[in-house]
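Residue-level listing of the chains:
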Amino acid sequence: METLTLFMTAAVIAGGGIYWFVCVLGSAEQKGKRAADLSGGSISAEKVGDKYKQYWSFFLRPKEIEKPSQVPDFVDTFYNLVTDIYEWGWGQSFHFSPSLPGKSHAAATRLHEEFAVDLLRVGPGNKILDIGCGVGGPMRAIAAKSGSNVVGITINEYQVGRARIHNVKAGLDSLCEVVRGDFLQMPFADGSFDGAYSIEATCHAPKLEDVYGEIYRVLKPGAMYVSYEWVTTGVYRSDDPEHVEIVHGIERGDALPGLRRFDEVAETARKVGFEVLQEKDLARPPNGPWWARLKMGRIAYWRNHVVVSVLAKLGIAPEGVVEVHDMLYKTAEHLTRGGETGIFTPMYMILCRKPVN
Ligand SMILES: C=C(CC[C@@H](C)[C@H]1CC[C@H]2C3=CC[C@H]4[C@H](C)[C@@H](O)CC[C@]4(C)[C@H]3CC[C@]12C)C(C)C
Ligand SMILES: C[S@@+](CC[C@H](N)C(=O)[O-])C[C@H]1O[C@@H](n2cnc3c(N)ncnc32)[C@H](O)[C@@H]1O
């Protein structure tokens, strides 16, 4: 009897421990995506490993990509592979923000998003465009803050579904709409938006000019556009092997066809016809380091690696998810080094206006 009681107690404790590790701890951000629900987005479970291999061979040497026209398809594959892990381990906003003393990550993220919409000077009744909207974290914050109608576009069908679910849950589906499409050829009429923003998304375009040209086309004259761009800073040296290694690491782990220099951003905006009102690296002091959150997550990453490996072994998560998770772990290292060396910023802000005439 005593042995049975001991056995039962041990079983309950072990079961509770596993539940806590996977479902409570495993859901790092408590945002509705549990470790046990990790998937390969729109890719069927048995194809996740192969798709990851294809992705990896395509972006291994991004500067040498021969067919820029294939980039959106591979970016789509990338987001099938990473969207659930991002939501599980980061939250619904797929971007960085400066750390702010005394503020949580969630509060700092929200302020970074609201800062963007404040610059657009829009309000209720206006229609604004979110270029590369992810699962809509920024869209919901921006709709709630400004009262504007927000239309988001993403290349990834799986994200469209996730964003719509979150919009309904947040009670914001009357203000927020999501469409699947390519931001290089948007399914919107000329002059149809009162404002536009992109948060850490246009870095996926092989040529910035192509996406900025499209944004210019769909804006009304006088409308504003704000973007947070991933770029190398003036500190980056292409003849420094360490700098080059960091940048390659960022490009491969984040589906980038080639990072641009900070000074190309305003130049390109002007080239397509915008007036440039402001440009600023929001990563610079007094703003706190955006990479602090990545560094603080190291223990959580190890725990996540264990959770993902166990779930894959049990056949609950697709096999390839372990490789995808490892890739993200490596890119987190490269991003952190990019921040610490000062050669890279994910928040080079540009504010533009489409001239009235
Ligand atoms: C703008 C882009 C994405 C930016 C960030 C949202 C993501 C960049 C790197 C991602 C992550 C790295 C490590 C992962 C960790 C190993 C895992 O356990 C939990 C999720 C991570 C923290 C993940 C979360 C999202 C990022 C920070 C790009 C693609 C243009
Ligand atoms: C890093 S996520 C940022 C998402 C969102 N802005 C946020 O901050 O949460 C980049 C987004 O750009 C989208 N994207 C990349 N290339 C695209 C393309 N060619 N057309 C449309 N969306 C694209 C991805 O699908 C993804 O939603």
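You'll find the protein entered in an unreviewed UniProt entry as Methyltransferase, with Acorus gramineus given as the organism. Here the protein is described in UniProt, under the heading Catalytic activity (unreviewed entry), as follows: "24-methylidenelophenol + S-adenosyl-L-methionine = (Z)-24-ethylidenelophenol + S-adenosyl-L-homocysteine + H(+)". What UniProt states about the protein under its Pathway (unreviewed entry) heading is, verbatim, "Steroid biosynthesis; sterol biosynthesis."

## Details of the environment of L328
In this structure, L328 sits in helix α12 (residues 321-341). When its relative accessible area of 13% is taken as the criterion, L328 is described as buried. L328 sits 76 residues away from R252 along the chain, and the two C-alpha atoms are 9.9 Å apart. Those residues in contact with L328, other than ones at most four positions away along the chain, are V82, I85, Y86 and G253.

## Let's talk about the packing of aromatic side chains
Applying the stated criterion to the full structure yields 20 aromatic pairs. Centre to centre, the rings of Y212 and Y225 are 5.5 Å apart; their planes meet at 80°, and the pair counts as edge-to-face. Of this pair, Y212 sits in helix α7 (residues 208-218) while Y225 sits in strand β5 (residues 219-232), placing them 13 residues apart in sequence. Judged by relative accessible area, Y212 falls into the buried class, the value being 0%. Residue class for Y225 comes out buried when judged on its relative accessible area of 0%. Among the aromatic residues, ring-to-ring pairing joins Y55, F58, F59, F74, F78, Y79, Y86 and F94 into one connected group. When the ring centre of F193 is taken as reference, the NZ or CZ atom of K127 above it lies at 4.8 Å. Over the aromatic face of W90 sits the side chain of R293, whose NZ or CZ is 3.6 Å from the ring centroid.

How each quantity is defined
Along each chain, numbering runs from 1 in the same order as the chain's sequence is written. Lettering of chains starts at A and numbering of ligands starts at 1, both following the order in which they are written. A pLDDT threshold of at least 70 governs which residues receive local features in this predicted model, and a stricter bar of 80 or more applies before side-chain atom pairs are shown or counted, although totals over entire chains, interfaces and linings include all residues. The side-chain quantities take in all heavy atoms of the structure and omit both hydrogens and water. UniProt positions are given in the numbering used here, feature names are shortened, and annotations may be inferred rather than shown by experiment. Under the scheme used here, helices are H or I runs from DSSP no shorter than 4 residues and strands are E runs no shorter than 2 residues, and both carry numbers assigned from the N terminus. Buried residues are those whose accessible area, probed at 1.4 Å on protein chains only, stays under 20% of the maximum for their type, while exposed residues exceed 50% and partly exposed ones sit between those limits. Contacts are assigned to residue pairs with any non-hydrogen atoms lying within 4.5 Å of each other. Pairing of aromatic rings covers Phe, Tyr and Trp, the last counted by its six-membered ring, and requires centre-to-centre distances within 6.5 Å; plane angles under 30 degrees mean stacked, over 60 mean edge-to-face, and any other angle means tilted. Counted as over-ring charges are cases with an Arg CZ or a Lys NZ within 6 Å of the ring centre that also lie within 35 degrees of the ring normal.

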